[in-house]
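So the chains spell out like this:
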Amino acid sequence: MNMHHQELAALQIFHGLAQEDAVRICESLQLSRFKPGHTILNEGECVQSLWIIMEGECTVSRECQPGHERTLAVLKPGDVFGEMSFVRTAPHSASIKAATDTAVCAYSSEDYRELVAKRPQVAWQIASNIAAVLAERLRRMDTWVCEPVSYTHLRAHETRHDL
């Protein structure tokens, strides 16, 4: 992989790593390139890798009803995806598609398990960073879900008030 260890350490998911650990992780990353519209991960499948967007943009979408897909987010360089299936064997909760020409690096769960055995404190730092990413996403989802609820509640209150 052509990623420099300093670039890796600048990413939120690998924040706080020592140079030697960043170099070791860089050596295990697998680079893939995708054209716009290509599905990188399918909702319901289980691929245990942590994906890092290096170039381009990806959309995160979920099938809410059969045949009706909803875009949940747009990811940009430096963002990660696949983190939930990376830390826990479970199907992907959403699909990821390349929105533009996209380059991503994948860090496999096998490489991470090897890191856990050899450098547990480094693996803990990565796990802590993943938890921070998940917490931030949960916070955004809370806000996102509450906005329509608040609007609906406000409209119902206004309607009752008008009576």
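Look up a bit, the structure's there.
This section reports on the structure supplied with the text. Counting starts from 1 at the beginning of each chain's written sequence and moves along it residue by residue. Residues qualify for local features only when their pLDDT is at least 70, as the model is predicted, and side-chain atom pairs are given and counted only at 80 or more; totals for whole chains, interfaces and linings, by contrast, use all residues. Only heavy atoms go into the side-chain values, all of them from the structure, while hydrogens and water stay out.

Digging into the sheet that holds strand β8 (residues 102-108)
Taken in spatial order, the four strands make up an open sheet running β1-β8-β3-β6, and their pairing is antiparallel. Of all the strands in the sheet, just β1 (30-34) and β6 (80-81) have a single pairing partner and so form its edges. Whether two strands pair depends on DSSP finding at least two bridges between them. Helix numbers and strand numbers start at the N terminus; a helix is a DSSP run of H or I with at least 4 residues, a strand a run of E with at least 2. One ladder, built from five bridges, connects β1 with β8; its direction is antiparallel. Residue pairing across strands places S32 opposite V104, the latter belonging to β8.

Observations regarding the pattern of salt bridges
Salt bridge criterion: a side-chain nitrogen from Lys or Arg within 4 Å of a carboxyl oxygen from Asp or Glu. All chains considered together, the criterion is met by eleven salt bridges. When the shortest N-O distance is used, the salt bridge between K76 and E57 registers 2.9 Å. Taken together, the positions of K76 in the loop between β5 (68-75) and β6 and E57 in the loop between β3 (49-55) and β4 (58-65) put the pair 19 residues apart, joining distant regions of the chain. A residue is classified by how much of its surface remains accessible, and E57, at 27% relative accessible area, is partly exposed. Among the salt bridges present, the one from R113 reaches E110, with a minimum N-O distance of 3.8 Å. Note that R113 and E110 are positioned in helix α4 (residues 109-118) at a spacing of three residues, about one turn of the helix. Through salt bridges that share partners, E20, D21, R24 and R119 make up one connected network. Each residue's exposure class comes from its accessible area (1.4 Å probe, protein chains only) as a fraction of the maximum for that residue type: buried when under 20%, exposed when over 50%, partly exposed otherwise.

Overview of the sheet that holds β4
Pairing within the open sheet is antiparallel, and its four strands lie in the order β2-β7-β4-β5. Only two strands of the sheet have a single partner each, and these edge strands are β2 (39-41) and β5. If you compare each strand with its neighbour and ignore which way they point, the axes differ by 35° on average. Alignment of β2 against strand β7 (residues 95-98), held across two bridges, turns out to be antiparallel. Paired with T39 across the bridge in β7 is K97. Think of each axis as a best-fit line through the C-alpha atoms, taken over the contacting stretch in the case of a helix, with angles from 0 to 180 degrees between the N-to-C directions.

Re α4
The complete set of buried residues in α4 reads S109, Y112 and L115. Viewed end-on, α4 has its buried residues packed into an arc of 110°, placing them on one side of the element. Looking at α4, the residues exposed on the side facing more than 90 degrees away from the buried face are A117 and K118. The directions from the helix axis to the C-beta atoms are what the arc is built from.

Things to note about the layout of surface pockets
A probe matching the size of a water molecule, rolled over the atoms, marks out where space remains unfilled. There is about 900 Å³ of room inside the largest pocket. Only protein atoms enter the 1 Å grid, on which a cavity is a set of points fitting a 1.4 Å probe that cannot get out and a pocket is an open set with protein on both sides within 12 Å along at least 5 of 7 lines, lining residues being those with an atom within 4 Å of a point. What lines the largest pocket is a set of 32 residues, and nearest its centre among them are V60, A73, E83, M84 and R137. Looking at the lining of the largest pocket, the elements with two or more residues in it are β4, β5, β6, α3 (83-87) and α5 (120-162). The residue classification treats Ala, Val, Leu, Ile, Met, Phe, Trp, Tyr, Cys and Pro as nonpolar and Asp, Glu, Lys and Arg as charged. All others, Gly included, are polar. The residue makeup of the lining of the largest pocket, split by class, is 19 nonpolar, six polar and seven charged. As for the second largest pocket, its lining consists of R24, I25, S28, Y107, D111, E114, L115, K118 and R119. Grid points are joined across faces, edges and corners, and a volume is the space filled by probe spheres set on the points.

So, the packing of aromatic side chains
Paired rings are identified among Phe, Tyr and Trp, the last through its six-membered ring, by centres lying within 6.5 Å, and are further divided according to the angle between planes into stacked (under 30 degrees), edge-to-face (over 60) and tilted (the rest). This model, assessed by the stated rule, comprises four aromatic pairs. Each ring, one from F14 and one from Y107, has its centre 6.1 Å from the other, and the planes form 85°; the classification is edge-to-face. Of this pair, F14 sits in the loop between α1 (5-10) and α2 (19-28) while Y107 sits in strand β8; the two residues are 93 residues apart in sequence, bridging distant segments of the chain. For the pair F14 and Y107, a shared accessibility class is recorded, and that class is buried.

These values are about where atoms sit, not about what they do.
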